[in-house]
Amino acid sequence: MPTVRDIRAKAGTAPITMLTAYDAPTAAIVDDAGIDMILVGDSMGNAVLGYDSTLPVTVDEVASRTGAVSRGAEDALVVADLPFLGFGFDEKTAVENAGRMLKEEGANAVKIESGTHTIELTETLTRLGIPVMAHLGLTPQHVNELGYARQGTSQEAADEMLDLARKHAEAGAFSLVLEHVPANLAATITEELDIPTIGIGAGPHTDGQVLVINDAVGLGEWSPSFAKQFGDVRSEMERAVGAFRDEVESGEFPAREHSHVEEELDGVY
Ligand code: KIV
């Protein structure tokens, strides 16, 4: 079983890879490809649950999806994202929600969109044996405050992010996601910390890279400018679905090889 120590040990020796997944078959594909970590991100809100943002995603939804991903993955480290208001207002609830992901759903760690309010929580969870991946920069759970804009673009904001990054590393976070921040700021934070940084829209100088699976394989209708599409799964699904419709309508499917006739049955055709 992978551990967060394995991930920390990989930093500086080879780039760390992480993709999101929200179901068992996708997790198995990601796992078979040798991806280091699978994030059961609250991006599931937009990616698979049909919400407009990540805000409606519930702890139950993340838990159910985390269980599916854990069952589909063998080698990758599974990280469950704590959704909006699943942490941050009282420590007991946060510990229970985070603990549930490991205890009941098979996750190896949790991710928390971070700020000053999550330093103590990071320390508590780490002490209890719940490894924490911190997350700074664009934090979509704060969309009503910050929108989806690039973060850390002013000197003050960059200094504040570096300070928060240090504090989360000191509190015990085993890694840090940096989302949609200037590449030079991500490079500095990476240099300053002794935990791995995982970038998304943060340039090439982080210890690893993460993408939302829908963006990486080309499943969604839209993807952010910093994402790269490595495949065109949507076109292939559209082709297959269209072919199914056409063959059912034309009578071509199901063919003889898809059917079974029981000769011994009486009173049926
Ligand atoms: O929810 C998510 O998928 C994330 C990644 C984009 C890092 O937070």
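Small disclaimer: the values here were computed from a predicted structure and weren't measured. (Residues numbered from 1 in each chain as written. Predicted model: local features only at pLDDT ≥ 70, side-chain atom pairs only at ≥ 80, totals over all residues. Heavy atoms only, no water.)

Visitor: How should the nonpolar core be read in this particular structure?
Guide: As a rule of thumb, nonpolar side chains are buried together in soluble globular proteins. Residues Met37, Met101 and Val110 are the most contacted members of the largest nonpolar core, which totals 50 residues. Residue contacts for Met101: discarding those within four places in its chain leaves Val59, Val62, Ala63, Thr66, Ala80, Leu82, Gly106, Ala107 and Val110. Membership of the second largest hydrophobic core comes to 20 residues, among which are Leu164, Ala173, Leu178 and Ala202. (Core = buried A, V, L, I, M, F, W, Y, C linked by side-chain atoms within 4.5 Å. Buried < 20%, exposed > 50% of the residue type's maximum accessible area, 1.4 Å probe, protein only. Contact = heavy atoms within 4.5 Å.)

Visitor: Just checking my understanding: could you explain the pairing of strand 8 (residues 208-211) for this structure?
Guide: A regular strand places its side chains on the two faces of the sheet in alternate fashion. One ladder, built from 4 bridges, connects strand 1 (residues 16-20) with strand 8; its direction is parallel. Bridge pairing in strand 8 places Ile16 opposite Gly208. In terms of strand pairing, strand 7 (residues 197-200) meets strand 8 through 2 bridges, oriented parallel. The partner of Ile198 across the bridge, within strand 8, is Gly208. (Pairing = 2+ DSSP bridges. Helix = DSSP H or I, 4+ residues; strand = E, 2+ residues; numbered from the N terminus.)

Visitor: Help me understand a negative patch on the surface in this model?
Guide: A grouping of Asp90, Glu91, Glu120 and Glu123 is seen on the molecular surface, where their side chains present a negatively charged patch. Relative to the helices and strands, Glu91 resides in helix 5 (residues 91-103). Among the residues examined, Glu91 registers a relative accessible area of 37% and is labelled partly exposed. (Patch = residues over 30% accessible without salt bridge, like charges linked within 9 Å, V, L, I, M, F, W, Y side chains within 5 Å. Areas by Shrake-Rupley, 256 points an atom, 1.4 Å probe, with all protein chains shown as cover. Salt bridge = Lys/Arg side-chain N within 4 Å of Asp/Glu carboxyl O. Lys, Arg positive; Asp, Glu negative; His and termini not counted. Charge placed at Lys NZ, Arg CZ, Asp CG, Glu CD.)

Visitor: Help me understand the sheet that holds strand 3 (residues 77-81) in this model?
Guide: Sheet strands pair by backbone hydrogen bonding; their relative direction is either parallel or antiparallel. If you trace the 8 strands once around the closed barrel, you get 1-2-3-4-5-6-7-8, paired in parallel fashion. Recorded for the sheet is a direction-independent mean angle of 25 degrees between the axes of neighbouring strands. By the bridge criterion, 3 bridges tie strand 1 to strand 2 (residues 37-40) in an arrangement that is parallel. Within strand 2, the position partnered with Leu19 by the bridge is Ile38. In the packing of helix 8 (residues 155-171) onto the sheet, the strands contacted are strand 5 (132-137) and strand 6 (175-179), and the crossing angle to strand 5 comes to about 175 degrees. (Axes fitted to C-alpha atoms, helices over the stretch in contact; angles between N-to-C directions.)

Any functional reading would require information beyond the geometric quantities listed.
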